[in-house]
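Spelled out, the chains give:
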Amino acid sequence: MRSSNPVFSRRGFSRDNGYAGFNTAPQAGGAAVGTQGNPYAQPSAGNPYAQNPYAQNPYAQQDLQYGAPPQAPVTTDRMTMDDVVMRSAMTLGTVVVGAVLAWAVLPVSSSSFGLAIGAALIAFVLAMIQSFKRTASPALILSYAAFEGVFLGVISEMYNSQWSGAPFQAVLGTMAVSAATLLIYKAGWIRVTARYARIGMAIAIAFVLVMAVNLLLVAFGVAEDGGLRSMGPLGAIVGIIAIVLGAFFLTLDFKQIEDGIAYGAPRKEAWLAAFGLTMTLVWIYVEMLRLVAIFSGDD
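These figures come from a predicted structure and were not determined experimentally.

**Let's talk about the overall build of the chain**
Point 1. Regarding its fold elements, the chain presents nine helices and zero strands.
Point 2. Listing each helix as α and each strand as β along the chain from the N terminus yields α-α-α-α-α-α-α-α-α.
Point 3. Counting contacts in the chain only where the partners sit at least 6 residues apart, residues at least 24 apart contribute 74% of the total.
Point 4. In the form shown here, the chain has an accessible surface area of approximately 15,400 Å², with 68% of it arising from carbon and sulfur atoms.

Structure below.
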């Protein structure tokens, strides 16, 4: 059964069956051969794909007879890599357009920081609504991407005004981290298992909680110069940890996409894959932007 927390369910977590149905054993009285281990074909309670007609394999008995591994059914309405690429391009493209327009239209001023925070909060609310929905909403995801783009455009212009070229370097750094993570994942150097996901998520949750406490301490004047998020060596270390966590989230996204395609997830799931990738890439970009600024110093 999938977790009751849709934020974790988006990345394929399940309470009983491990991560993304990976390394799971068939249960007594469970699905027929050809659907065992398939998170999109399990008839368990709480599974939004239980009634998915594309998740039923009509060749299950044939696979059993010939000892062949179960194959996902051939259908025109299941998720493919092309679907993921197209939706990701649309979502990321919306982020880029929003960022470019914000940079071009909104000049750096005393109100820029407040505008960036406002756009970020709206994007956060939209992201939470989508995370707790059972199905993907393209309009909601694209709206999130638009406000996220405004946020990135404003803060990128602010950073560029003080550290010239920092946004461009952050984009290159984000691309480098993403490409390296993909190569490592495809080479099999990282195996996304239930244990890997649990440990990584525990570290990520602890990191977010520590950052939240640090923000409160800074807001009430207990910690000076940003506390753990200072522009010095400590801030650089925290930034590197955050980027490593971003790479970890990318591996979860890759695994979710891989499993969704292999198990014949509905085509609409491609929007959730694009949503997850966009949030992860935004995380990496923001942390990379801070890191570039720290290493640039006062230049």
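From this point, things continue past the structure.
**Observations regarding the pattern of salt bridges**
For side chains of opposite charge, pairing can occur when their charged atoms come near one another.
Point 1. Tallying each qualifying case throughout the model produces four salt bridges.
Point 2. Where Arg229 meets Glu287, a salt bridge forms, and the shortest distance between an N and an O atom there is 2.7 Å. Residue Arg229 is located in the loop between helix 7 (194-219) and helix 8 (233-262), and its partner Glu287 is located in helix 9 (residues 269-296); the two are separated by 58 residues in the primary sequence.
Point 3. A residue is classified by how much of its surface remains accessible, and Glu287, at 8% relative accessible area, is buried.
Point 4. Each of Asp83, Arg87 and Arg267 takes part in one network of salt bridges that share partners.

**Comments concerning the packing of aromatic side chains**
Point 1. Applying the stated criterion across every chain, the model contains seven aromatic pairs.
Point 2. For the pair Phe207 and Trp283, a centre-to-centre distance of 6.4 Å together with 45° between the ring planes defines the contact as tilted. Of the two residues, Phe207 is situated in helix 7 and Trp283 in helix 9; the sequence distance between them amounts to 76 residues.
Point 3. Given the relative accessible area of 11%, Phe207 is considered buried.
Point 4. When the ring of Phe249 is compared with that of Trp283, the centres are 5.6 Å apart and the planes differ by 80°; the resulting orientation is edge-to-face. Pair noted here: Phe249 is in helix 8 and Trp283 is in helix 9, with a separation of 34 residues, a long-range link.
Point 5. With relative accessibility at 10%, the residue Phe249 sits in the buried group.

**Digging into the environment of Ala119**
Point 1. Mapped onto the elements of the fold, Ala119 is located in helix 4 (residues 112-131).
Point 2. Distance from Ala119 to Val150, taken between C-alpha atoms, is 6.4 Å for residues 31 residues apart in sequence.
Point 3. In this structure Ala119 touches Phe147, Val150 and Phe151, once residues within four positions along its chain are discounted.

**Quick look at the nonpolar core**
Point 1. Among the nonpolar cores identified, the biggest contains 59 residues, and Tyr144, Phe151, Leu152, Ile155, Leu252, Val286 and Leu289 are the most heavily contacted of them.
Point 2. Residue assignment for this core shows that the elements contributing at least two residues are helix 3 (81-105), helix 4, helix 5 (138-162), helix 6 (166-186), helix 7, helix 8 and helix 9.
Point 3. If one sorts the elements of this core by residue count, helix 9 sits on top with 16 residues.
Point 4. The residues contacting Ile155, other than those within four sequence positions of it, are Ala116, Val286 and Leu289.

**Some thoughts on the side chain of Glu148**
Point 1. Tracing the chain through its elements places Glu148 in helix 5.
Point 2. Contacts of Glu148, omitting those with residues within four sequence positions, involve Ala123 and Val282.

**Let's talk about the packing of helix 3 against helix 5**
Point 1. Close contact between helix 3 and helix 5 brings their axes to 6 Å; oriented N to C, the two are set at 40°. It follows from the interaxial angle that helix 3 and helix 5 lie oblique. Regarding helix 3 and helix 5, the two cross each other, and that crossing is right-handed. Residues Met90, Thr91, Thr94, Val95, Gly98, Ala99, Ala102 and Trp103 of helix 3 form the contact with helix 5, whose participating residues are Ile141, Leu142, Ala145, Ala146, Gly149, Val150, Leu152, Gly153, Val154, Ser156, Glu157 and Asn160.
Point 2. Considered class by class, the residues forming the contact of helix 3 with helix 5 number twelve nonpolar, seven polar and one charged.

**Description of the packing of helix 7 against helix 8**
Point 1. Contact geometry of helix 7 with helix 8 gives a least axis separation of 11 Å together with a crossing angle of 140°. The orientation of helix 7 with respect to helix 8, classified from their angle, is oblique. The chirality of how helix 7 crosses helix 8 is left-handed. Contacts between helix 7 and helix 8 involve Tyr196, Ala197, Gly200, Met201, Ile203, Ala204, Phe207 and Met211 from the first element and Val238, Ile241, Ala242, Leu245, Phe248, Phe249, Thr251 and Leu252 from the second.
Point 2. Considering only residue class, the contact of helix 7 with helix 8 consists of 14 nonpolar, two polar and no charged.

**Points about a nonpolar patch on the surface**
Point 1. A contiguous nonpolar surface patch, about 520 Å² in accessible area, is contributed by Val213, Leu216, Leu217, Phe220 and Val222.
Point 2. Among the structural elements, Val213 can be located in helix 7.

**Topic: the side chain of Thr91**
Point 1. Mapped onto the fold, Thr91 is located in helix 3.
Point 2. What makes Thr91 buried here is its relative accessible area of 0%.
Point 3. Not counting the four nearest positions on each side in its chain, Thr91 is found in contact with Ile141, Leu142, Ala145, Trp271, Ala274 and Thr278.

Parameters and conventions
Residues numbered from 1 in each chain as written. Predicted model: local features only at pLDDT ≥ 70, side-chain atom pairs only at ≥ 80, totals over all residues. Heavy atoms only, no water. Helix = DSSP H or I, 4+ residues; strand = E, 2+ residues; numbered from the N terminus. Contact = heavy atoms within 4.5 Å. Areas by Shrake-Rupley, 256 points an atom, 1.4 Å probe, with all protein chains shown as cover. Salt bridge = Lys/Arg side-chain N within 4 Å of Asp/Glu carboxyl O. Buried < 20%, exposed > 50% of the residue type's maximum accessible area, 1.4 Å probe, protein only. Phe/Tyr/Trp six-rings, centres within 6.5 Å; stacked < 30°, edge-to-face > 60°. Core = buried A, V, L, I, M, F, W, Y, C linked by side-chain atoms within 4.5 Å. Axes fitted to C-alpha atoms, helices over the stretch in contact; angles between N-to-C directions. Parallel < 35°, antiparallel > 145°, perpendicular 65-115°, else oblique. Left-handed = near helix turned anticlockwise from the far one by under 90°. Nonpolar A, V, L, I, M, F, W, Y, C, P; charged D, E, K, R; others polar. Patch = residues over 30% accessible without salt bridge, like charges linked within 9 Å, V, L, I, M, F, W, Y side chains within 5 Å.

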